[in-house]
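Residue-level listing of the chains:
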Amino acid sequence: MKVTIYGIGGTCWQFDAEESATVGDAKASLEELSGVAVREQRLFADLLEPDDSEVLAEVLALDDVDFLSYVRRDPEEARWLEKVGNSPFPQDLLRSAPEDIRNNANVVVPVLRRHGYSLKLFRAEL
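Summarised in this report is the structure supplied together with it. (Residues numbered from 1 in each chain as written. Predicted model: local features only at pLDDT ≥ 70, side-chain atom pairs only at ≥ 80, totals over all residues. Heavy atoms only, no water.)

1. A word on the pattern of salt bridges
Point 1. Inspection of the entire model under this criterion finds eight salt bridges.
Point 2. Between Asp16 and Lys2 there is a salt bridge, with the nearest N and O atoms lying 3.6 Å from each other. Residue Asp16 is located in strand E2 (residues 12-16), and its partner Lys2 is located in strand E1 (residues 2-7); the two are separated by 14 residues in the primary sequence. Each of the two residues, Asp16 as well as Lys2, counts as exposed.
Point 3. A salt bridge links Arg95 to Asp92; the nearest nitrogen and oxygen atoms lie 2.5 Å apart. (Salt bridge = Lys/Arg side-chain N within 4 Å of Asp/Glu carboxyl O. Helix = DSSP H or I, 4+ residues; strand = E, 2+ residues; numbered from the N terminus. Buried < 20%, exposed > 50% of the residue type's maximum accessible area, 1.4 Å probe, protein only.)

Given below as structure tokens:
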């Protein structure tokens, strides 16, 4: 299948992928083409951000779209998401994180999904 990804600035990348390719596979191909690390990539099908494990063909069919949109994640945010994702105790990492990371819902919410009791560590607005 032909995969098309558009960046916000109008850049377009196209590549061939297997029907069984996942969103994560698409990110790996995009890294090869664009040089942007997978951890800094956010791909959207319409307004939804599918999980890396989802089958790309199913995502595109479900949302009735024929392309993905690409947004680059802040590199520091991406590093922290990777750190907390790989840590058995991410709440401990966040305690020592810079304030802007502790106040970043994109980093905090995944931690709370894994360790809901950590809610007391973060601002109520998050």
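Moving on from the coordinates now.
2. Some details on the packing of aromatic side chains
Point 1. Going through the model one piece at a time under the given rule, you end up with two aromatic pairs.
Point 2. Here the aromatic rings of Tyr6 and Phe67 are separated by 5.3 Å at their centres, their planes lie at 80 degrees, and the arrangement is edge-to-face. Placement of Tyr6 in strand E1 and of Phe67 in the loop between helix H2 (56-62) and strand E4 (68-72) is noted, with a sequence separation of 61 residues between them.
Point 3. Both rings, one in Trp13 and one in Tyr70, keep their centres 5.4 Å apart while their planes meet at 85 degrees; by these two values the pair is edge-to-face. Pair noted here: Trp13 is in strand E2 and Tyr70 is in strand E4, with a separation of 57 residues, a long-range link. The two residues Trp13 and Tyr70 agree in class, both being buried.
Point 4. Sitting over the face of the ring of Trp80, Lys83 holds its NZ or CZ atom 4.2 Å from the ring centroid. (Phe/Tyr/Trp six-rings, centres within 6.5 Å; stacked < 30°, edge-to-face > 60°. Lys NZ or Arg CZ within 6 Å of the ring centre and 35° of its normal.)

3. Considering the packing of helix H3 (residues 75-86) against helix H6 (residues 105-114)
Point 1. It is the contact of H3 with H6, at a shortest axis distance of 9 Å, that shows an interaxial angle of 10 degrees. Classified by the angle their axes make, H3 and H6 are roughly parallel. Here H3 contributes Glu77, Trp80, Leu81, Val84 and Gly85 to the contact with H6, which in turn contributes Asn106, Val107, Pro110, Val111 and Arg114.
Point 2. Tallied by class, residues from the contact of H3 with H6 come to six nonpolar, two polar and two charged. (Axes fitted to C-alpha atoms, helices over the stretch in contact; angles between N-to-C directions. Parallel < 35°, antiparallel > 145°, perpendicular 65-115°, else oblique. Contact = heavy atoms within 4.5 Å. Nonpolar A, V, L, I, M, F, W, Y, C, P; charged D, E, K, R; others polar.)

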